[in-house]
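Each chain is listed here by its residues.
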Amino acid sequence: VLFYFFVRKNYATPQKRESLINGLLLLNIVILVFGFIQYFFLPDLRFLKSLGWDDHYFRLVSTFLDPTFTGIILLMGLILALSKKHYFLGLINLAAIALTYSRSTYLALIISLVYFFFLTKRKIILIFPVLLLIAIPFLPRPSSEGVKLERTYSIYQKFDDYKKGLVLFAKSPVFGIGFNNVCAARRQYFKVQGAGSHSCPGIDNSFLFVLATTGIVGAIYLTYLLVKVPWRSTFGVVLVAVLTHAMFTNTLFYPFVMGPLAILLAISSDKDLYSS
C-alpha cells in the first residue's frame, strides 16, 4: 500500500510514468530470458523438492521456481506489451506462457484478452488466445505429470485446500485468524507438521485467503477497493487476469504480483488504453 502511494506521488508526470512502463517491459524481457534458459538448460527441477518446492519437470518456471506464478507474471507482461502495441514481445510471452503448462494462466489469458478486446476493439488482440488454443495440442509432452493438462491430482489438492480455508474462516468469521497465521493454524487445526512447504502460509484461492485471514470485515473492504478500480484501463485488464488466476492460487498476495499491480494502479487512468 505504501509503495502505491510512493509511486503515485513521485511518478506523476507522463515522462516518469512512461519510464516505469518501460522498466516493467524490460523486467518482463529479463524474466523471459531466464525462463527460456531454465527451460532448455535446466528443465528437471525435481531435486528442489527437498527444499520445499514442487518437483517440476520440463515446465518453464524462470527464477520464481513455480510455473503458475511465473505464468501470471508473464501474462501481466503480455498485457502490458499489447497495450503498447509491442506485438512481437507479446508473441514471445505467449510462447513462454504455453510452456508453463499452467491451466489457470491459460484461463486468465483468454478471459483478460477477451475483456481487452471489448475495451479497445483491436481485433489483433484476439489472435493471441486463438494462437494459444491452437498451440496446446502441439506442446511437447515428456513423461511428466505436470505437463498433462488433463491431470486431476492437483485439482483434488486444491479442493482439499479450499475446504481447509473454509474451516479457518469458520474459526473466526468476523475478523479472521490474522494475515500471517495460516501456517500456525494449519498446525493447530489440521495437525500439519512443520512448515517445509513454501505453500504453507497461503491458501489456493486469494478470496478464501482474505476470508480466512481478515474475515468478513476484510472481504467487505476488498470489495470496496475493487469497486473503486479504474476498470477501463491497462491496470483493469491486468486485474481481470490476476483475479481470474487468484481463483486457483494465492495470486493476489504474491509479492512479485503485488509490486507491478501497485505500479500500474498508481499510474493508470481510464484513458491510458486509448492513448497508447
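**Concerning the packing of aromatic side chains**
Two numbers describe a pair of aromatic rings. These are the distance of the centres and the angle of the planes.
Phase 1 of the analysis: Summed over the entire model, instances satisfying the criterion amount to 15 aromatic pairs.
Phase 2 of the analysis: With centroids separated by 6.2 Å and ring planes inclined at 85°, the aromatic side chains of tyrosine 39 and phenylalanine 58 adopt a geometry described as edge-to-face. Remark: phenylalanine 58 occurs in the loop between helix 2 (14-41) and helix 3 (67-83) and tyrosine 39 occurs in helix 2; sequence separation between them is 19 residues.
Phase 3 of the analysis: A residue is classified by how much of its surface remains accessible, and tyrosine 39, at 6% relative accessible area, is buried.
Phase 4 of the analysis: Here phenylalanine 58 falls in the partly exposed class, since its relative accessible area comes to 25%.
Phase 5 of the analysis: Ring pairing ties together the aromatic residues Phe36, Tyr39, Phe40, Tyr57 and Phe58, which thus form one cluster.
Phase 6 of the analysis: The residue whose ring lies beneath lysine 121 is phenylalanine 117, and the NZ or CZ to ring-centre distance is 6.0 Å.
Phase 7 of the analysis: Positioned above the aromatic ring of phenylalanine 190 is the side chain of lysine 164, whose terminal nitrogen or guanidinium carbon lies 5.5 Å from the ring centre.

**So, the packing of helix 7 (residues 153-171) against helix 8 (residues 182-190)**
Phase 1 of the analysis: It is the contact of helix 7 with helix 8, at a shortest axis distance of 11 Å, that shows an interaxial angle of 95°. What the angle tells us is that helix 7 and helix 8 run roughly perpendicular. Contacts from Asp161, Lys164, Val167, Leu168 and Lys171 of helix 7 reach helix 8 at Val182, Ala185, Arg186, Tyr189 and Phe190.
Phase 2 of the analysis: Tallied by class, the residues present in the contact of helix 7 with helix 8 amount to six nonpolar, no polar and four charged.

**Remarks on the packing of helix 4 (residues 87-100) against helix 5 (residues 103-120)**
Phase 1 of the analysis: Running from N to C, helix 4 and helix 5 point in directions that differ by 145°, and their axes come no closer than 8 Å. At the point where helix 4 passes helix 5, the crossing takes the left-handed sense. Contacts from Leu94, Ile97 and Ala98 of helix 4 reach helix 5 at Thr105, Tyr106 and Leu109.

About the criteria used
- Residues numbered from 1 in each chain as written.
- Predicted model: local features only at pLDDT ≥ 70, side-chain atom pairs only at ≥ 80, totals over all residues.
- Heavy atoms only, no water.
- Phe/Tyr/Trp six-rings, centres within 6.5 Å; stacked < 30°, edge-to-face > 60°.
- Helix = DSSP H or I, 4+ residues; strand = E, 2+ residues; numbered from the N terminus.
- Buried < 20%, exposed > 50% of the residue type's maximum accessible area, 1.4 Å probe, protein only.
- Lys NZ or Arg CZ within 6 Å of the ring centre and 35° of its normal.
- Axes fitted to C-alpha atoms, helices over the stretch in contact; angles between N-to-C directions.
- Parallel < 35°, antiparallel > 145°, perpendicular 65-115°, else oblique.
- Contact = heavy atoms within 4.5 Å.
- Nonpolar A, V, L, I, M, F, W, Y, C, P; charged D, E, K, R; others polar.
- Left-handed = near helix turned anticlockwise from the far one by under 90°.

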